[in-house]
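Here are the chains, one letter per residue:
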Amino acid sequence: MSGIYLHIPFCKQKCHYCNFYSLASLKYRDVFVSALLKEMRLRENYLPDKHINTIYFGGGTPSLLSTGEINRIIREVETLFDLDSQAEITLEANPDDLSPRYLKALKQNTNVNRLSIGVQSFFDDDLEYLHRVHDGNHARKAIETAKQTGFDNMTIDLIYGIPTLTEEKWKKNLALFFDYDIPHLSSYALTVEPQTALEILIKKHKLKNTSENQSVRDFEILMEKTRQHGFEQYEISNFALPGFYAKHNSTYWLGGYYLGLGPSAHSFNGFSRQWNVKNLKKYIGAETTEAIVLEKEILSEQQRFNEYILTSLRTSWGCSTEHIRHSFNAKYEAWFLKNVRKYLEQKKVVQKGNNTYVLTDSGKLFADGIACDLFLDEE
Ligand code: SF4
C-alpha cells in the first residue's frame, strides 16, 4: 500500500491549539498549486513503485482550494503515477467551506470520494475556545449537505478535554455524531502544544487550562459509546464501522510508504524519512528536490524497532513478535518479551493468539508511556 499526502498550507484563521504548518492568508494560492505540481514531478520516483492506493489532501485547509485546483492535482497524480481504480481520495474540509455549491462541484468535477470534516464540537462555546472559524450550525449543515450530495464515506473530527466541554455536552456531541450515521470518527484529546496561542493564553490566564482528569473521563466515554454503537477502535484515536477503516492513515500505521508533498510534508519509502521545508516562500521558489526536502533520515534498526512499537501498540492489529522476529535482530524480540511481561500482569496489555500483543482499555490510557518503556535505548 502506498499513498500520496498533499499539504495545503492555508487557513482562514489560526486555531488556538494548532501547531500544523499553515498561513492565515490565501495570497500565494495560485503559485502554490503550480509549485505542488512541480514537486510532484521532481519526486515522482521517490516511492519504490508507482502504484498509489490513496491520496490525502490535508493541511491547513484543503477545502480552500477550488474544485478545479483539486481536480488539476488529482489529474497530475494520474499522469505521473499508477493510481488504483479503487483509490481512496480524501479531502479534509472545514464546515464553513462546505456550501451546497462547493459540495456539488466537488462531487461532479473531482474524484474525491471521502470527506474528513473538522467539526471538533457541535457547541459554539467550545468552538470559540478553540478559535475555530465555524460554529455549531455550520457543522450540522455541512454534514447534512455532504450526505445529501452523496458523500457517504465520511469522517469527522471531534476534540475532547476542552475545558468548556462538560460531560453532558461530550455525550451530546457523540450522540449527534451517531445520529448522522457517519461511518468513521477521529477523536483526539486537546493538548497544549508548545508555542501555540493556546499555551500563551493559558499562561496569561485568559483561557482555562485543560485537565488530565477530564481528558481521561472523556476518553473512557468515547470508548464506551463507540463500542455500544458498533464502532471498532482500530487505532487509539480512530473509530470505524466495519469496512470503513481509513486506508490512507492505515498505511502510516502499518508501515506502508507515502510521498508527502507541500511545505512541512513528511515522506517515507522504507529506507528514509524526509521532511519538506516549512516555509511557503522557500517552497514556492524551490527548483530542486534538495531545496524542498530539508531533512533526510536513514533509520537505524533500533529506530525502526522503536517506531514499530509506538505505532503498532496504538492499533487493534497490535504488536507482533512474529514481525519483530522477521524484521529485527534476535535481541529485539527477547527485549520485548521480557519487558511486556509487567504490562500483561497489570492487565494493560493482552496477548491475542501466539504472537500478538494489544493494549487493553486501561492500557490505552497510558499508550505512549508503555511504548516508551518498551523502546530499546541506545547502548
Ligand atoms: S483549520 Fe486545522 S490546520 Fe488550520 S489552524 Fe485550524 S487546526 Fe490548524
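Predicted model, so just to flag it, every value in this text is computed and none were measured. (Residues numbered from 1 in each chain as written. Predicted model: local features only at pLDDT ≥ 70, side-chain atom pairs only at ≥ 80, totals over all residues.)

Asks: Kindly report on the nonpolar core, identifying the contributing residues and their values.
Replies: In terms of nonpolar packing, the biggest core is built from 79 residues, with Ile4, Leu6, Ile117 and Ala146 touching the most fellow members. Among the nonpolar cores identified, the runner-up in size contains 16 residues, and Tyr308, Ile309, Ala371 and Leu374 belong to it. (Core = buried A, V, L, I, M, F, W, Y, C linked by C-beta atoms within 7 Å. Buried ≥ 20, exposed ≤ 12 C-beta atoms within 10 Å, placed from the backbone.)

Asks: So what about the site of the ligand? Which residues, and what values?
Replies: Taken together, Cys11, Lys14, Cys15, Cys18, Phe20, Ser22, Gly59, Gly60, Thr61, Asn94 and Gly118 make up all the residues around the ligand. When the residues that make up the shell around the ligand are grouped by side-chain class, the tally is 4 nonpolar, 6 polar and 1 charged. (Near = placed C-beta within 6 Å. Nonpolar A, V, L, I, M, F, W, Y, C, P; charged D, E, K, R; others polar.)

Asks: I'd love a proper account of the packing of helix H6 (residues 167-179) against helix H8 (residues 212-228), names of residues and values included.
Replies: Their axes nearest at 11 Å, the elements H6 and H8 cross at an angle of 30 degrees. Our classification of the angle between H6 and H8 gives roughly parallel. The crossing of H6 and H8 is right-handed. Residues Glu167, Trp170, Lys171 and Leu174 of H6 pack against Arg217, Asp218, Ile221, Leu222 and Lys225 of H8. Its residues placed into classes, the contact of H6 with H8 shows 4 nonpolar, no polar and 5 charged. (Axes fitted to C-alpha atoms, helices over the stretch in contact; angles between N-to-C directions. Helix = DSSP H or I, 4+ residues; strand = E, 2+ residues; numbered from the N terminus. Parallel < 35°, antiparallel > 145°, perpendicular 65-115°, else oblique. Left-handed = near helix turned anticlockwise from the far one by under 90°. Contact = placed C-beta atoms within 7 Å.)

Asks: Can you explain H6? Please cite residues and give values.
Replies: Here H6 spans 18 Å end to end across 13 residues, near enough to the 18 Å set by a 1.5 Å rise per residue. Of all the residues in H6, the buried ones are Trp170, Asn173, Leu174, Leu176 and Phe177. Relative to the axis of H6, the buried residues are bounded by an arc of 155 degrees and lie together on one face. In this structure, H6 carries Glu167, Glu168, Ala175 and Asp179 as exposed residues pointing more than 90 degrees from its buried face. Those residues of H6 that are buried are in contact with strand S5 (154-160), strand S6 (184-189) and H8. Downstream of H6 by a residue or two, aspartate 181 has a phi angle that is positive, lying close to 55 degrees. (Expected span 1.5 Å × (residues − 1). Arc of directions from axis to C-beta.)

Asks: Account for the packing of helix H3 (residues 100-109) against helix H5 (residues 136-149), naming residues and giving values.
Replies: H5 packs onto H3 with a crossing angle of 35 degrees between their chain directions and a minimal axis gap of 10 Å. Crossing angle aside, the handedness with which H3 passes H5 is right-handed. Taking contact as the criterion, the partners of Pro100, Leu103, Lys104 and Lys107 in H3 are, on H5, Thr145, Ala146 and Thr149.

Asks: Report on the domain arrangement of the chain, specifying residues and quantitative values.
Replies: Segmentation of the chain into domains returns domain 1 (2-252) and domain 2 (301-374). Here the C-alpha centre of domain 2 lies 29 Å away from the C-alpha centre of domain 1. Taken together, the contact between domain 1 and domain 2 spans 8 residues of the former and 7 residues of the latter. The set of elements that each furnish at least two residues to the side of domain 1 that touches domain 2 consists of H8 and strand S7 (232-235). Residues of the side of domain 1 that touches domain 2, tallied by class, amount to 5 nonpolar, 1 polar and 2 charged. (Domains from an automatic or database assignment.)

Asks: Which residues make up the sheet that holds strand S13 (residues 319-320), and what values go with them?
Replies: Judged by pairing direction, the sheet is antiparallel, and its 3 strands sit side by side in the order S13-S15-S14 without closing on themselves. Two strands close off the open sheet at either side, each with one partner strand: S13 and strand S14 (349-352). Bridge count between S13 and strand S15 (residues 356-359): 2 bridges; the pairing is antiparallel. Each residue of the ladder has a partner; that of cysteine 319, found in S15, is tyrosine 357. (Pairing = 2+ DSSP bridges.)

Asks: So, H5: which residues are in play, and what are the values?
Replies: Helix length check: H5 (14 residues) gives 20 Å between terminal C-alpha atoms against 20 Å at 1.5 Å per residue, within 8%. In this fold, the buried residues of H5 make contact with H3, strand S4 (114-120) and S5. Of the residues one or two after H5, glycine 150 is the one with positive phi, at around 105 degrees.

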